[in-house]
Amino acid sequence: RAVAIFPAYSEAFHNRGNALARLGRREEAAESFRSCLRFDPGHAGAAANLRTLEAGLPLAPARRRL
C-alpha cells in the first residue's frame, strides 16, 4: 500500500525485498531491491542485499523460533 500511495518511497521497496527474500521469493526480492536503488541509489542496505542475492547466498540466517 505504501508504494501505491507514494511510488518513490524507496524504504518500502527495501522492506518488501526483505520480506520476499525471507519467503524464498528471491527474484521478486531482487527486483524490489533494484526499485529501491532506482529511487535511492545510495541505499546501502538494498545494495548489499541485492549483491547477496545475486551471489546466490541466503539473505539472512533463519530466525530462531521461541
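Refer to the structure above for everything that follows.
What counts and what doesn't
Residues numbered from 1 in each chain as written. Predicted model: local features only at pLDDT ≥ 70, side-chain atom pairs only at ≥ 80, totals over all residues. Heavy atoms only, no water. Helix = DSSP H or I, 4+ residues; strand = E, 2+ residues; numbered from the N terminus. Buried < 20%, exposed > 50% of the residue type's maximum accessible area, 1.4 Å probe, protein only. Contact = heavy atoms within 4.5 Å. Axes fitted to C-alpha atoms, helices over the stretch in contact; angles between N-to-C directions. Parallel < 35°, antiparallel > 145°, perpendicular 65-115°, else oblique. Left-handed = near helix turned anticlockwise from the far one by under 90°. Nonpolar A, V, L, I, M, F, W, Y, C, P; charged D, E, K, R; others polar.

1. Concerning the side chain of Asn49
Okay, so step 1: Tracing the sequence through the fold places Asn49 in helix α4 (residues 44–54).
Okay, so step 2: Accessibility expressed as a relative area gives 15% for Asn49, which makes it buried.
Okay, so step 3: In this structure, Asn49 is in contact with His14, Asn18, Phe33 and Leu59, ignoring residues within four places of it in sequence.

2. A short note on the side chain of His14
Okay, so step 1: Along the chain, His14 turns up in helix α2 (residues 10–22).
Okay, so step 2: When near neighbours in sequence (up to four residues on either side) are disregarded, His14 contacts Phe33, Cys36, His43, Gly45, Ala46 and Asn49.

3. Here's the deal with the packing of helix α3 (residues 26–39) against α4
Okay, so step 1: Two numbers describe how α3 lies on α4: the axes approach to 9 Å, and their chain directions differ by 150°. Comparing their axes, α4 and α3 come out roughly antiparallel. When you trace α3 past α4, the crossing you get is left-handed. For the pair α3 and α4, contact is made by Arg26, Ala29, Ala30, Phe33, Arg34, Cys36 and Leu37 and by Ala46, Ala47, Asn49, Leu50, Thr52, Leu53 and Glu54, respectively.
Okay, so step 2: Of the residues assigned to the contact of α3 with α4, the class counts are nine nonpolar, two polar and three charged.

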